[in-house]
Amino acid sequence: MKRNKILKIVVDIGMTVMLLLLMTYELIGEAVHEWLGIGMFGLFIIHHILNRKWSRCIFKGKYTVLRVWQTILVIGILLTMAGSMYSGVILSEHALSFLPIKGGRAFAREVHMLSSYWGFILMSLHIGLHWCIMLGMAKRFVKELPAAGKWLLRGIAAFIAGYGVYAFIQREIGQYMLLKNHFAFFDFEEPLIFFLADYIAVMTLFVWVSHYFSKGLRYIKRE
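Being a predicted model, the structure only gives us computed values, none of them experimental.

1. Description of the nonpolar core
As a rule of thumb, nonpolar side chains are buried together in soluble globular proteins. With 41 residues, the main nonpolar core has Tyr117, Phe120 and Tyr199 as its most contacted residues. Elements supplying a minimum of two residues to this core: α1 (3-22), α2 (30-50), α4 (65-91), α5 (105-129), α7 (147-170), α8 (173-177) and α9 (192-222). Element by element, the count of residues in this core is highest for α9, at 9 residues.

2. Some words on the side chain of serine 87
Looking at where serine 87 falls in the secondary structure, it is placed in helix α4. A polar contact is formed between the side chain of serine 87 and the backbone oxygen of glycine 83, at a distance of 2.7 Å. A distance of 3.3 Å separates a polar side-chain atom of serine 87 from the backbone oxygen of serine 84.

3. Thoughts on the packing of aromatic side chains
In total, this model carries 9 aromatic pairs according to the counting rule given. Relative to phenylalanine 195, the ring of phenylalanine 186 lies with its centre 5.8 Å away and its plane at 40 degrees, an arrangement referred to as tilted. The same class applies to phenylalanine 186 as to phenylalanine 195, namely buried. A centroid spacing of 4.6 Å and a plane angle of 20 degrees characterise the contact between phenylalanine 195 and tyrosine 199, whose relative ring orientation is stacked.

4. A closer look at the packing of α2 against α4
Look at α2 against α4: their axes get within 11 Å of each other, and the N-to-C directions meet at 145 degrees. In the packing of α2 onto α4, the handedness of the crossing is left-handed. On α4, the residues that touch Glu34, Gly37, Met40, Phe41, Phe44 and His48 of α2 are Val74, Ile77, Leu78, Met81, Met85 and Leu91. Across the contact of α2 with α4, the residue classes tally to 9 nonpolar, 2 polar and 1 charged.

5. Notes on unusual backbone geometry
Positioned with a positive phi, tyrosine 25 is a non-glycine residue whose angle comes to about 40 degrees. The topology assignment puts tyrosine 25 in the loop between α1 and α2. Given a relative accessible area of 28%, tyrosine 25 falls into the partly exposed group. With a phi close to 60 degrees, leucine 179 is a non-glycine residue in the positive phi region. Residue position: leucine 179 is located in the loop between α8 and α9.

Cut-offs and rules
- Residues numbered from 1 in each chain as written.
- Predicted model: local features only at pLDDT ≥ 70, side-chain atom pairs only at ≥ 80, totals over all residues.
- Heavy atoms only, no water.
- Core = buried A, V, L, I, M, F, W, Y, C linked by side-chain atoms within 4.5 Å.
- Buried < 20%, exposed > 50% of the residue type's maximum accessible area, 1.4 Å probe, protein only.
- Helix = DSSP H or I, 4+ residues; strand = E, 2+ residues; numbered from the N terminus.
- Polar contact = N/O pair within 3.5 Å; in protein donor to acceptor, adjacent residues only side chain to side chain.
- Phe/Tyr/Trp six-rings, centres within 6.5 Å; stacked < 30°, edge-to-face > 60°.
- Axes fitted to C-alpha atoms, helices over the stretch in contact; angles between N-to-C directions.
- Left-handed = near helix turned anticlockwise from the far one by under 90°.
- Contact = heavy atoms within 4.5 Å.
- Nonpolar A, V, L, I, M, F, W, Y, C, P; charged D, E, K, R; others polar.

Coordinates in, geometry out; function isn't part of it.
Laid out in structure tokens, this is it:
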């Protein structure tokens, strides 16, 4: 495997892990949250540098339905990342507290809430869009599974995605996305692993939905 491709995988895995940890916010401490946010932004920049070929071709070639969907996701993620960074700088009380920024904190909190939760969902959908590539790379290291094994893995993925629906509702993620709740609730007595498990399930849900939705769009392209 080429060095550039390995670096892309490492960066993408790092972004996924950081994204999940960022959603824990106060459970890991505000200072850690801020430094993770800075790290996430750095990896986001590296990700786009490594994928600059795609950016250069954005105004070239024919736009299929699948390509439109992909472009919408990229633009949405870019907007949420910009919103997270803008609001994060204003709200910072640790990593960037030396900056002479005053005022605008109430608006910044709302922007941060919207950007964080919409960004989480959009990035999960983006992962699902490219899940076929991940499965293709996995086949290089794992021998061909029998049909029963494939259906078992699909069943497990569907089960986790199904639980993700429950976790999405239970964690009130939709409420945060619509700003019906202006402050995220955290149970500090809850073990961190339970919180992360729920968010992994929610991420799996949207990866699963995006994967099969994108397969449908590819089928439209073939037609």
